[in-house]
Amino acid sequence: MSTKTITPPDLAASPPKPKRFRLSPAALTITPTFILVAISVYGFIGWSTVISFTDSKFFPKYDFVGLAQYYRLWESDRWNTSVINLVLFSVGFSVISLLLGLIIAIFLDQKVRAEGALRMIYLYPMAISLIVTGIAWKWILNPGTGIEHLLKGWGFENASFNWLVDPNMAVYTLVIAAVWQTAGFVMAIFLAGLRGVDAEIVKAAQLEGAGAFRIYTQIIIPMLRNSMFSAIVILIYQAVRSFDLVVALTNGGPGYSSDLPTTFMYNSTFLRGQMAQGSASAVMILLVVVAIVVPYLYGEFKREHNDNHH
Amino acid sequence: MNTMTTITESATGIDTRALRRNMITLVRRLALYAALIGFAAFFLMPLVVMVFASFKDMDAIAHTSILSFPTHPTVQPWVDAWSSACVGTSCVGLRGFYWNTILMVVPAVVISSLIGAVNGYALSKFSFRGANLVYGLILFGTFAPYQVMLIPIAKMLALFGLSNGIGGLILLHTLYGLPMTTMFFRNYFMTVPQDLIKAAQVDGAGFWTTFLLIILPMSTPMIVVTVIWQFTGIWNDFLFGVSFTSGSSTPIMVALNNLVSTSAGERPYNIHMAGALLSALPTLVVYVLAGKYFVRGLMAGAVKG
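No experiment lies behind these values; they were computed from the predicted model shown.

*Asks:* How do you make sense of the overall build of chain B when you look at a structure like this?
*Replies:* Scanning chain B from terminus to terminus reveals 13 helices and zero strands. Across chain B, helices and strands are ordered from the amino to the carboxyl terminus as α-α-α-α-α-α-α-α-α-α-α-α-α. Relative to its length of 305 residues, chain B is extended, with a C-alpha radius of gyration of 28 Å against a globular reference of 19 Å. Across its three principal directions, the C-alpha atoms of chain B cover 100 × 70 × 35 Å. Residues counted as buried form 47% of the 305 residues belonging to chain B. Long-range contacts, defined as pairs at least 24 residues apart, comprise 77% of the intrachain contacts of chain B with a sequence gap of at least 6.

*Asks:* Would you take a moment to explain the overall build of chain A for this structure?
*Replies:* Broken down by element type, chain A carries 14 helices and zero strands. In summary, chain A has a C-alpha radius of gyration of 25 Å against a globular reference of 19 Å for 310 residues, an excess of more than 25%. When its C-alpha atoms are laid out on the principal axes, chain A stretches across 70 × 70 × 30 Å. Going through the 310 residues of chain A one by one, you find that 41% of them count as buried. Pairs at least 24 apart in sequence give 69% of the contacts found in chain A among residues at least 6 apart.

*Asks:* Could you clarify how one ought to interpret the environment of His272 of chain B in this entry?
*Replies:* Inspection of the secondary structure puts His272 of chain B in helix H13 (residues 269–302). It is 7.3 Å that separates the C-alpha atoms of His272 of chain B and Ala81 of chain B, two residues lying 191 residues apart in sequence.

*Asks:* Which parts of the structure should I look at to understand the interface of chain B and chain A?
*Replies:* For an interface, size is often stated in terms of accessible area lost upon the parts coming together. Taken together, the contact pairs 78 residues of chain B with 86 residues of chain A. Along the lines of polarity and charge, the residues of the side of chain B that touches chain A split into 54 nonpolar, 20 polar and four charged.

*Asks:* Sorry if this is basic, but what is going on with the confidence of the model for chain A here?
*Replies:* The predicted coordinates of low-pLDDT regions are not to be read in fine detail. Residue and element names in this part refer to chain A. Here chain A averages 85 in pLDDT, and 91% of its residues register 70 or above. Element-level mean pLDDT values for chain A span from 45 in helix H1 (residues 9–13) up to 94 in helix H4 (residues 77–108). This stretch, residues 1–13, has a pLDDT under 50; its non-local contacts, to residues over four places away or in other chains, come to 14 contacts. A low-confidence stretch, residues 17–21 (pLDDT under 50), is modelled with six contacts involving residues beyond four sequence positions or located in other chains.

*Asks:* Can you help me understand the nonpolar core in this one?
*Replies:* Side chains that are nonpolar tend, in soluble globular proteins, to be buried together. Among the nonpolar cores identified, the biggest contains 170 residues, and Ala136, Leu174 and Met187 of chain A together with Leu256 and Ala276 of chain B are the most heavily contacted of them. With 16 residues, helix H8 (residues 170–195) of chain A is the single largest residue contributor to this core. The residue makeup of this core includes at least three contributed by each of domain 1 (2–54) and domain 2 (80–302) of chain B. Not counting residues within four places of it along the chain, the set of residues in contact with Ala276 of chain B comprises Val132, Ile135 and Ala136 of chain A together with Met50 and Leu256 of chain B.

*Asks:* Just checking my understanding: could you explain the confidence of the model for chain B for this structure?
*Replies:* All names here are of chain B. Across chain B, the average pLDDT comes to 86, with 93% of residues at or above 70. Low pLDDT, under 50, characterises residues 3–8; the predicted model gives this stretch zero contacts beyond four residues in sequence or across chains. With a pTM of 0.87, the predicted complex shows an ipTM of 0.86.

*Asks:* Would you mind going over unusual backbone geometry with me for this structure?
*Replies:* In most cases, non-glycine residues show a negative phi, while peptide bonds are predominantly trans. Phi at Asn251 of chain A takes a positive value of approximately 50 degrees, unusual for a residue other than glycine. Within the secondary structure layout, Asn251 of chain A lies in the loop between helix H12 (244–249) and helix H13 (261–271). Even without glycine at this site, Asn164 of chain B takes up a positive phi of about 50 degrees. With respect to the element layout, Asn164 of chain B can be found in the loop between helix H6 (150–159) and helix H7 (166–189).

*Asks:* What am I meant to see in the packing of helix H5 (residues 131–143) of chain B against H7 of chain B here?
*Replies:* Residues and elements named next belong to chain B. Contact pair H5 / H7: the axes reach a minimum separation of 8 Å and the direction vectors enclose 125 degrees. Between H5 and H7, the crossing angle belongs to the class labelled oblique. H5 and H7 meet at a crossing whose hand is left-handed. Together, Tyr135, Ile138, Leu139, Gly141 and Thr142 of H5 and Pro179, Met180, Thr182, Met183 and Arg186 of H7 make up the contact between the two elements.

*Asks:* Is there a simple way to think about the domain arrangement of chain B in this case?
*Replies:* Residue and element names in this part refer to chain B. Per the domain assignment, the segments of chain B are domain 1 (2–54) and domain 2 (80–302). For domain 1 versus domain 2, the distance between C-alpha centres works out to 46 Å. Facing the four residues of domain 1 at the interface are six residues of domain 2.

*Asks:* When you look at the packing of helix H6 (residues 130–141) of chain A against H8 of chain A in this model, what are you seeing that I'm missing?
*Replies:* For any two helices packed against each other, one specifies the crossing angle of their axes together with the interaxial distance. All names here are of chain A. Orientation of H6 relative to H8, taken along the N-to-C sense of each, is 130 degrees, at an axis distance of 10 Å. Judged by the angle between their axes, H6 and H8 are oblique. At the point where H6 passes H8, the crossing takes the right-handed sense. The segment H6 lies against H8, with Leu130, Thr133, Gly134, Trp137 and Leu141 engaging Thr173, Ile176, Ala177 and Gln181. Looking at the contact of H6 with H8 residue by residue, the classes come out as five nonpolar, four polar and no charged.

*Asks:* Just to check I follow, could you spell out helix H9 (residues 207–215) of chain B for this structure?
*Replies:* Residues that lie three or four places apart on an α-helix share one face, since the helix turns once every 3.6 residues. All names here are of chain B. Within H9 the residues assigned to the buried category are Phe207, Thr210, Phe211 and Ile215. Summarising the axial view, the buried residues of H9 lie within an arc of 100 degrees, below the 170-degree limit, and thus occupy one face. Facing away from the buried surface of H9 by more than 90 degrees, the exposed residues are Trp208, Leu212 and Leu213.

Thresholds applied
Residues numbered from 1 in each chain as written. Chains lettered and ligands numbered in written order. Predicted model: local features only at pLDDT ≥ 70, side-chain atom pairs only at ≥ 80, totals over all residues. Helix = DSSP H or I, 4+ residues; strand = E, 2+ residues; numbered from the N terminus. Rg over C-alpha atoms; globule rule 2.2 N^0.38 Å. Buried ≥ 20, exposed ≤ 12 C-beta atoms within 10 Å, placed from the backbone. Contact = placed C-beta atoms within 7 Å. Nonpolar A, V, L, I, M, F, W, Y, C, P; charged D, E, K, R; others polar. pLDDT = per-residue confidence, 0-100. Core = buried A, V, L, I, M, F, W, Y, C linked by C-beta atoms within 7 Å. Domains from an automatic or database assignment. Axes fitted to C-alpha atoms, helices over the stretch in contact; angles between N-to-C directions. Parallel < 35°, antiparallel > 145°, perpendicular 65-115°, else oblique. Left-handed = near helix turned anticlockwise from the far one by under 90°. Arc of directions from axis to C-beta.

What follows is the structure, encoded as structure tokens:
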């Protein structure tokens, strides 16, 4: 690809602009949105970044302190806890959602009856607010009212399921609720991938006597590479942005043991009057998202062009 | 006689083998369905637990398990959640917040979808210098985490006198919805043959005429997808609501969270669950009625950048 021209191959292939469009109403049409996005996304990102270099407390104050806020951030126990929690949460949430989503998709792809109804059931949590999800699971996981109470009622006197109030385990309750919310979505991604697998290849493998397990592990699942990649990016991205669920389920507690960077940012900025700390943490969140999403978007973009080319 | 026995023997031999194969298939199918139903139970369980709890009185809540059916059902928790439960300091139920949210959702959905359609059309059907760069920059707006914009947004809302009101939220949801709606329509229109546009131009149709007469009539599915996507996202919003509104101006999810966090003494779980269901009902109904379009939106938002 030439680096000089900005015109991409697919658009270059479209017919030359007729005279009628010489003023390019298209460019004029997109301009207001572009300006608004330039200000409200990129301008605001810049503004937040500037604030992160100051000593702002309750209000922005432009007395620059260099990188001091970032040093303070990374020395803060609360921030480091939230970062470790994010790693634990995003790994647990992504791995379990991927496995569960893949298994359900494969099971659902066996020409089962009522596939549509089952799919609806697996996916409905995606339509529900994470606040509602959090409230439901908070009650289910509450040792006094939920599963522990249920098991004791069934005669298991020693039953104990108190992750919600255990500082070491609280972050995993977020994993449970988030998996419940998202596994169906991952299933849908994999199911779309499975429907795209070439039946001829599978048939050929069957004729050669390969069992179902081998066909899946050695032929089909490797062919789901693209679905897998999309799902991983989306899951990690969602994990990094998780906020509502934490507020509703654990509210960062007990103490700050289940804080995530997003709740750290919110608390610093809006509750504790540490606007510069909040901004510095927001910039860190942005950097993580950029590192995950930009290569992915670039890849999708390139693939789209290649598709249009051939 | 001799031949007869051989034939019967071989016949039964085939029979048992076929029978065994059928048995294995049957057991496999049964296991498959058991697993699928088990997964369905996992996904339905929280909803069932909420529905059960929302029809119990506090006595039943205290003395029965989460999975036990409400034997003496009462709608009182729903009535209380709607009109008298305490949200923060005022005990007015969720009713007013419902209204807030409708006032916020309708304009934000309509405006962001309309502008998104026009943008998508401009970006997919016409080439102009920098079109791709413009699209890429707008696209990233879909993914940029709002945390890094919250403080400037608060300052701007204060500047325009839109703090702590539904007007400010309408503006925010419209503005930050644009990248997504633009992307939805742009990707949809990419599949519309360029020849259609060309033909319209030959017939003398200009930019807007082509849009109104050719493009818009064929976009119904994408309009439905976008409207449902925006409706679900904005109805379920919590971050903007909790950051920029308080008291009686908050949208439903913030009010719900306040309702659940407000409690002196015994927690009225039945009212909490009824309130949660009330808040989830609009998006659930839309999902049940138009699940296909909702899923399409999910996939469009996910797989295609």
